Amino acid sequence: MKKHGAMPGKEKVTAMDVVQKGLARRYRRERWFRRMGLAAVLASIGFLGLLFVSIIGNGWSAFTQAEVLLDIDFAAAQFDVDNLARANYGALVKKSLQKLFPGVKDRRQKRKLYRLVSSGAAFILQKMVMQDTSLIGTSRRIWLPADDEVDMLLKGYISRSVPESQRRLTDRQIGWIDRLIADGRLKKRFNTTFFTAGDSREPELAGIRGAVAGSLLTMLVTLLLSFPVGVATAVYLEEFAPRNRWTDLIEVNINNLAAVPSIVFGLLGLAFFLGVLGLPRSSPLVGGLVLTLMTLPTIIIASRASLKSVPPSIREAALGIGASKMQVIVHHVLPLAMPGMMTGTIIGMAQALGETAPLLMIGMVAFIVDVPTGLTDPATVLPVQIYLWADAPERAFVERTAAAIMVLLAFLICMNGLAVYLRRKFERRW
Amino acid sequence: MSSLFYPLILLLLASVAFGQGKRRAFAMAARKSGGRFHSRPWYHGMLVALWCLIPGLLVYILWICFADTLITRMVLHDLPREMLARSAGQKTLLINDLHNLVAGHVAARNIDPVLQRAADHYRVLQNTGRLIMAVLMLAAAVLSASLVYFRIGPDLRARNKVERIARISLLLSSTVAVLTTIGIVLSVLFESIRFFRQIPVTDFLFGLKWSPQMAMRADQVGSSGSFGAVPVLAGTFMISGIALAVAVPVGLMSAIYLSEYAGSRVRTWAKPAMEILAGVPTVVYGFFAALVVAPSIRDLGTMAGLEVSSESALAAGLVMGIMIIPFVSSLSDDVINAVPQSLRDGSYGLGATRSETIVHVVLPAALPGIVGGILLAASRAIGETMIVVMAAGLSARLTANPLEAVTTVTVQIVTLLVGDQEFDSPKTLAAFALGLLLFVVTLILNVVALHVVRRYREEYE
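(A) View of the overall build of chain B. Per the secondary structure count, chain B includes 16 helices and two strands. By residue count, 45% of the 461 residues in chain B fall in the buried class. Residue pairs at least 24 apart in sequence account for 74% of intrachain contacts in chain B once pairs closer than 6 positions are excluded. Here chain B displays about 23,600 Å² of accessible surface, and carbon together with sulfur accounts for 64% of that area.

Set out below in structure tokens:
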């Protein structure tokens, strides 16, 4: 009916014409805008995917570890019954390697040969003998961890095509490795050390058990302190507090604390808990205290929202049959608000579990081999362990860092899953 | 775990007191001596238990707070005069040695016999002190509990008393938040004041050179450290700026898409995914930045013929941007959803397309909230630590090139304070001055943002 420009000047241009004229352009713009929005969503999900793929791609190989099967001869002559710890366990490993490769005579070559087995092998043998003295005088076939360079070669991170001068393993060493593989004596096996050992300078001996124990102890302190205090604060502010300046001050305070950078809490911990109170450095106790202060705002805000969602009719009914204010809260309001409070607490704990920066400030970065057992033992936590390993120069620590991240993320996903489950299961619509 | 021993004993005692109090109230009520009871037996038991617990705990806390100082002073008093007539620093060293000896962390081979004797003396005093404390604690607990116990009767308003104690403890809990803020301000401020006594404030705020090295001796090379915070601040703002340049468009657009366009099925999948992005610990982002992003940016740069530092501001900023995307998007989502539907309907009624409605009606209406959200995101970016510690540089350079390595306030705090330090050198104190700066900047951003967000919300409700 209408053709633009077909009848110039004859008919007046109506508003409809103007609208029609621009319509195609406007629809095009609409499509573009919509696509941009979709692209933004896809981009953020893509980042998430990239993050997970790169972590898992780097980390999965850390769950296996190259191990060497050696025939260890615990000859009785080697051991002094009164002093088992002092026996030369390194020599046992060396002897067994010599038996496998009798052709290696040169001292330098020998040393290169010995280097294929982890330096921790001697400690493993020592531990075995100390636990079970009946081993002495027998000969056993034992899987011992290989050196991290061997591990890297087996996992394909060290390329054989690189010229000899540019890699850490010589051609000769690779020859030995190939023979061990052909004999079925060198294999990638499940890496139990990673879950049962504490930290170590040697990647093949390093594990996350110390860090996990430290994290658990720290979380225990945080939970025991932050949940009661957070719930009590929320109850006070929501149910008892008069509307006055002081209450306003507390409220503004909590909102601001929720946004204070976490490292500032670390400074508080360093100056107050360590400096003024003199609590032990690097301990889960201080870490838990600092994280408590950090997670309190999260718990308080969630608990208040949960208390607010309990309808007033419940309170009024209880008050109506003669309950005191405190009885109303303890017997009726709190049980109904508890799922929401617990969800908030779990989310707060998940945040605390992933927190690193404030713990660096209070000295939880120390290199700690032992698994902590008490609240005042020096300890480190999982995120800090990740940070420490990420800084380590050995290639083998990269995969271990990524694997530790996978463990941390697994914990976090479980906690958040639990929170979602609680919310779904107990959420009530009034 | 001896520190938990006494509280546990006290708790045990309190539970016994609870049972006894309850039983007595029951028995008296059964005999109907003196009329109807005001409170139920449970409250009587609780009151006895609380009055057992509170005095005992007070004694215990007092002992924890003051025992060490008291004993140390008594031991030092007995030491020979010439050992004490020293400088304050040596005295603290002496006390440290003493405490180490007592705790059994002996590092030195040759222990001064005088000190050894003092340590033994300390141990004896500690043991007697602990004994006295235990007796006092138990006496206080039992005495006050039995006072209440014998007052149990129909007229004792036990419920009101228990409720009052509960209420007071609620009030005390709510002060923890305030005390935390006060603690932060005081601890950072005190150390900063000590720092500014050595380095003038103006040098700190306006100085253009940051190299916090203090030599041990005056004649060493580079003996004068310089503490000009400008390059550090510039680096912080550059990285945060890059982060916001990534996060604001992506976060805002995804919030718009999710709240205005997406169907419910997309939303139920996409929103939790964004929340996961928010829940990933920052140390993981740091590892991702250092391992994946920084090398690929460097490779890209080399391909384009640019020289890119392996710790470029761009890599740290990009990853930090990814980290705050969910932050921006969830805050914007809230404010966009708070815009009343009537505004949209009015716009549609005039013939506007969806995107025109969003750009010309919804966004202007939501603008204050969005700005507030962006300010909060900026404050988070400035205070973020692990990503920059792992992916940004250490050297403070005043540059506008995002491909170079720069440093940030948080990186400097971490490098200055991690590891062994002495508490008096300007080097460590500088970290607290930076902490003060960080706290003040983020506080201002937060207060402004919260104010803006709150004022805006009230308009439509």
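Having seen it, we continue.
(B) Expanded view of the domain arrangement of chain A. Residue and element names in this part refer to chain A. One can read the domain layout of chain A as domain 1 (15–60), domain 2 (63–197) and domain 3 (209–426). A straight line from the C-alpha centre of domain 1 to that of domain 3 covers 37 Å. Taken together, the contact pairs six residues of domain 1 with eight residues of domain 3. Each partner contributes to the roughly 530 Å² buried at the junction of domain 1 and domain 3, and carbon and sulfur atoms together form 81% of this total. Summed over the three residues of domain 1 that lose the most area to domain 3, namely Ile55, Asn58 and Gly59, the buried surface amounts to 72% of that side. At the boundary of domain 1 with domain 3, the tally comes to zero salt bridges. Looking at the side of domain 1 that touches domain 3 residue by residue, the classes come out as four nonpolar, two polar and no charged.

(C) Representation of the packing of helix H11 (residues 313–338) of chain B against helix H13 (residues 354–383) of chain B. Residue and element names in this part refer to chain B. In the contact formed by H11 and H13, the axes pass within 9 Å of each other and the chain directions differ by 150°. In this structure, H11 crosses over H13, and the sense of that crossing is right-handed. Note on element contacts: H13 touches H11 through Val362, Ala366, Gly369, Ile370, Gly373, Leu376, Ala377, Arg380 and Ala381, opposite Met320, Met323, Ile324, Phe327, Val328, Leu331, Ser332, Val335 and Ile336. Of the residues assigned to the contact of H11 with H13, the class counts are 14 nonpolar, three polar and one charged.

(D) Spotlight on the environment of alanine 315 of chain B. Among the secondary structure elements, alanine 315 of chain B is positioned in helix H11. Spatially, the C-alpha atom of alanine 315 of chain B lies 9.7 Å from that of isoleucine 387 of chain B, the residues being 72 residues apart in sequence.

(E) Spotlight on the packing of helix H2 (residues 41–78) of chain B against helix H5 (residues 113–151) of chain B. Residue and element names in this part refer to chain B. The contact between H2 and H5 brings their axes to 8 Å, and the two run at 160°. In terms of orientation, H2 and H5 fall into the roughly antiparallel class. In this structure, H2 meets H5 at a crossing whose hand is right-handed. For the contact of H2 with H5, the residue count by class is 22 nonpolar, six polar and three charged.

(F) Region of the structure containing the nonpolar core. Membership of the largest hydrophobic core comes to 173 residues, with the highest contact counts inside it found for Ile184, Tyr285 and Ile413 of chain B. At 15 residues, the largest contribution of residues to this core is made by helix H8 (residues 230–261) of chain B. Apart from the residues lying within four places of it in its own chain, the contact partners of isoleucine 413 of chain B are Ile263, Leu267 and Met361 of chain A together with Ala431, Leu434, Gly435 and Leu438 of chain B. Within the second largest apolar cluster, 38 residues are counted, among which are Phe79, Tyr89, Val104 and Val129 of chain A.

(G) Up close: the interface of chain B and chain A. On the chain A side, the residues contacting the 76 residues of chain B number 67 residues. Sorting the residues of chain B by area buried against chain A places Leu170, Tyr257 and Phe287 of chain B first, and these three jointly supply 10% of that buried surface. Scanning the region where chain B abuts chain A turns up one salt bridge. Between arginine 26 of chain A and glutamate 356 of chain B there is a salt bridge, and its shortest N-O distance comes to 2.7 Å. Where chain B meets chain A, there are 12 residue pairs in polar contact (both at pLDDT 80 or more). The element contributing the most residues to the side of chain B that touches chain A is helix H6 (residues 158–198) of chain B, with 18 residues.

(H) A look at helix H4 (residues 121–131) of chain A. Residues and elements named next belong to chain A. Looking only at H4, the buried set comprises Ala121, Ala122, Leu125 and Val129. Projected onto a plane normal to the axis of H4, the buried residues spread over an arc of 100° and lie on a single side. Exposed and facing more than 90 degrees away from the buried side of H4 are Phe123, Lys127 and Gln131. Contact partners of the buried residues in H4: strand S1 (64–73), helix H2 (89–100) and strand S2 (139–145).

(I) Highlighting the pattern of salt bridges. Per the stated rule, a full pass over the model turns up 19 salt bridges over all chains. Two residues, aspartate 151 of chain A and lysine 155 of chain A, come together in a salt bridge whose shortest N-O distance is 3.0 Å. Residues aspartate 151 of chain A and lysine 155 of chain A agree in their burial class; the two are buried. One salt bridge connects arginine 159 of chain B with glutamate 163 of chain B, and the closest N-O pair in it is separated by 3.4 Å. With arginine 159 of chain B and glutamate 163 of chain B both in helix H6, this residue pair falls four residues apart, about one helical turn.

Basis of the calculations
- Residues numbered from 1 in each chain as written.
- Chains lettered and ligands numbered in written order.
- Predicted model: local features only at pLDDT ≥ 70, side-chain atom pairs only at ≥ 80, totals over all residues.
- Heavy atoms only, no water.
- Helix = DSSP H or I, 4+ residues; strand = E, 2+ residues; numbered from the N terminus.
- Buried < 20%, exposed > 50% of the residue type's maximum accessible area, 1.4 Å probe, protein only.
- Contact = heavy atoms within 4.5 Å.
- Areas by Shrake-Rupley, 256 points an atom, 1.4 Å probe, with all protein chains shown as cover.
- Domains from an automatic or database assignment.
- Buried area = accessible area lost by both parts, 1.4 Å probe.
- Salt bridge = Lys/Arg side-chain N within 4 Å of Asp/Glu carboxyl O.
- Nonpolar A, V, L, I, M, F, W, Y, C, P; charged D, E, K, R; others polar.
- Axes fitted to C-alpha atoms, helices over the stretch in contact; angles between N-to-C directions.
- Left-handed = near helix turned anticlockwise from the far one by under 90°.
- Parallel < 35°, antiparallel > 145°, perpendicular 65-115°, else oblique.
- Core = buried A, V, L, I, M, F, W, Y, C linked by side-chain atoms within 4.5 Å.
- Polar contact = N/O pair within 3.5 Å; in protein donor to acceptor, adjacent residues only side chain to side chain.
- Arc of directions from axis to C-beta.

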